[in-house]
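Coordinate analysis (summary)
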Amino acid sequence: MASTESKTSEFPGMDDDDCLLPADTMLILQQFLQEKALKERSDDAGLEADGCFEENWQLSQFWYNESTKQKLALIVKILRENSMKTEKHFKVALLSAPSAYKHVYAVHEDVILFEYDERFAKYGDKFRKYDYNEACNPEYMEEFRNEFNLIIADPPFLSEECIQKIGVIIKKIAKQDAKVVLCSGAVVQDWAKEHLDVHVCNFRPEHERNLGNEFRSYANFDLDGILNKAS
């Protein structure tokens with residue numbers, strides 16, 4: 001039989017005088033401590049074990065699943081290709097949609113992530129600190145006026161106030177005839193139409209975690225047609 005020292009030495013914080021636990025309980029404890037240590041290291045770095053930022057629910061962050069990220073990137077890719085005949089530059093803005101950034105950037109590098117969470121400053125000049133509550137400030141985001149060909153927005157809150165302010169910002173930074181994709185709850189449909197002039201689409205963004213609210217997409221162009229042709 002192994003000594004008490006050889007068993008307890010595997011677990012920081014346990015003294016040699018601690019009682020031995022059954023083998024199955026010891027295994028569970030060991031797994032728990034390993035996961036706890038990994039979580040603490042990840043928290044210190046602001047990252048999950050797989051290198052992605054964790055959702056911050058206090059900021060109303062909910063990450064898209066892989067299929068949704070791929071479809072959003074596909075929309076960017078196709079719209080960019082379609083614009084090449086008339087546009088020298090095709091610029092994309094992501095508003096409060098950080099989980100889509102890497103996939104979008106992989107197909108088109110001319111993209112800026114506008115995000116309140118400063119952890120994403122790791123993306124350098126592709127990141128801009130962003131707060132939709134500043135929409136009423138006439139100088140806010142003035143440097144991006146009429147800048148973007150495509151805007152993909154995922155407002156953090158399902159309220160008319162949030163949708164209205166997002167609408168003010170989008171109208172400021174959008175080029176004439178810009179394409180707009182809004183990913184939000186089904187409850188915002190009327191507000192989305194009023195403040196952004198976008199219509200509900202069949203494409204339904206999905207998340208890594210199940211959300212209680214029904215989620216939909218909205219656009220001012222034939223988003224479903226693009227996805228259907230690409231499938």
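Right, let's walk through the structure included here. In this text the structure is predicted, and so the values were computed from the model without any measurement. The residue numbers shown here count from 1 along each chain, following its written sequence. Residues qualify for local features only when their pLDDT is at least 70, as the model is predicted, and side-chain atom pairs are given and counted only at 80 or more; totals for whole chains, interfaces and linings, by contrast, use all residues. Heavy atoms throughout the structure, all of them, feed into the side-chain values; hydrogens and water do not.

Moving on to the packing of aromatic side chains. Only centres within 6.5 Å qualify two rings of Phe, Tyr or Trp (six-membered ring in Trp) as a pair; their planes then separate them into stacked at under 30 degrees, edge-to-face at over 60, and tilted for everything else. Using the criterion set out here, one finds nine aromatic pairs in the structure. The interplanar angle of 25° and the centroid separation of 4.3 Å between the aromatic rings of tyrosine 101 and tyrosine 123 together place this pair among those described as stacked. Remark: tyrosine 123 occurs in the loop between β2 (111-115) and β3 (127-129) and tyrosine 101 occurs in helix α4 (residues 101-107); sequence separation between them is 22 residues. Tyrosine 123 carries the same exposure label as tyrosine 101, and that label is buried. Among the aromatic residues, those joined into a cluster by ring pairs are Trp63, Tyr101, Tyr105, Phe120 and Tyr123. Charge-over-ring placement is defined geometrically: NZ (Lys) or CZ (Arg) within 6 Å of the ring centre, and within 35 degrees of the ring normal. Lying across the ring of tyrosine 116, lysine 129 places its NZ or CZ 3.8 Å from the centre. Secondary structure elements are defined from DSSP: runs of H or I of at least 4 residues count as helices, runs of E of at least 2 residues count as strands, and each element is numbered from the N terminus. Here the term buried applies to any residue with accessible area under 20% of the maximum for its type, exposed to any over 50%, and partly exposed to those in between, with areas from a 1.4 Å probe on protein chains only.

Residues spaced three or four apart along an α-helix face the same direction, because each turn holds 3.6 residues. Under the 1.5 Å per step criterion, the end-to-end length of helix α5 (residues 160-173) is 20 Å for 14 residues, consistent within 8% with the ideal 20 Å. Every buried residue belonging to α5 is among Cys162, Ile163, Lys165, Ile166, Gly167, Ile169, Ile170, Lys172 and Ile173, and all of these are buried. Any two residues having at least one pair of non-hydrogen atoms within 4.5 Å are treated as being in contact. Against β1 (92-95), β4 (148-153), β5 (174-185) and α6 (189-196) lie the buried residues of α5. To estimate the expected span of a helix, subtract one from its residue number and multiply by 1.5 Å.

In this structure, Leu72, Val92, Leu94, Leu150, Phe221 and Leu223 are the most contacted members of the largest nonpolar core, which totals 31 residues. Of all the secondary-structure elements, those providing two or more residues to this core are α3 (66-83), β1, α4, β2, β4, β5, β7 (215-219) and α7 (223-230). Here the element with the most residues in this core is α3; it accounts for five residues. Not counting residues within four places of it along the chain, the set of residues in contact with leucine 94 comprises Ala100, Tyr101, Val104, Val111, Ile112, Leu113, Phe114 and Ile152. Note on terminology: a nonpolar core comprises buried Ala, Val, Leu, Ile, Met, Phe, Trp, Tyr and Cys residues joined through side-chain atoms within 4.5 Å. One finds Leu95, Ile112, Ile166 and Ala178 within the second-largest nonpolar core, a separate group that totals 28 residues.

Now for the packing of α5 against α6. Relative orientation of the contacting elements α5 and α6 amounts to 30°, with a least axis distance of 9 Å. Judged by the inter-axis angle, α5 sits roughly parallel to α6. In this structure, α5 crosses over α6, and the sense of that crossing is right-handed. Of the residues in α6, those touching α5 at Glu160, Ile163, Gln164, Gly167, Ile170 and Lys171 are Trp191, Ala192, Glu194, His195 and Leu196. Residues are grouped as follows: Ala, Val, Leu, Ile, Met, Phe, Trp, Tyr, Cys and Pro are nonpolar; Asp, Glu, Lys and Arg are charged; every other residue, Gly included, is polar. Within the contact of α5 with α6, the residues separate by chemical class into five nonpolar, three polar and three charged. Simply put, an axis is a line fit to the C-alpha atoms, just over the touching stretch for a helix, and the angle between two N-to-C directions goes from 0 to 180 degrees. Any angle between 65 and 115 degrees counts as roughly perpendicular, while under 35 counts as roughly parallel, over 145 as roughly antiparallel, and the rest as oblique. We call a crossing left-handed when the near helix sits turned anticlockwise from the far one by less than a right angle, and right-handed when that turn is clockwise.

We treat two strands as partners when DSSP finds at least two bridges between them. Reading across from one edge, β3-β2-β1-β4-β5-β7-β6 is the order of the seven strands in this open sheet, with mixed pairing throughout. For this open sheet the edge positions go to β3 and β6 (199-200), each flanked by a neighbour on one side alone. In terms of strand pairing, β5 meets β7 through five bridges, oriented antiparallel. Directly across from valine 181, in β7, lies its bridge partner alanine 219. Along the sheet, α3 makes contact with β1, β4 and β5, crossing β4 at roughly 170°.

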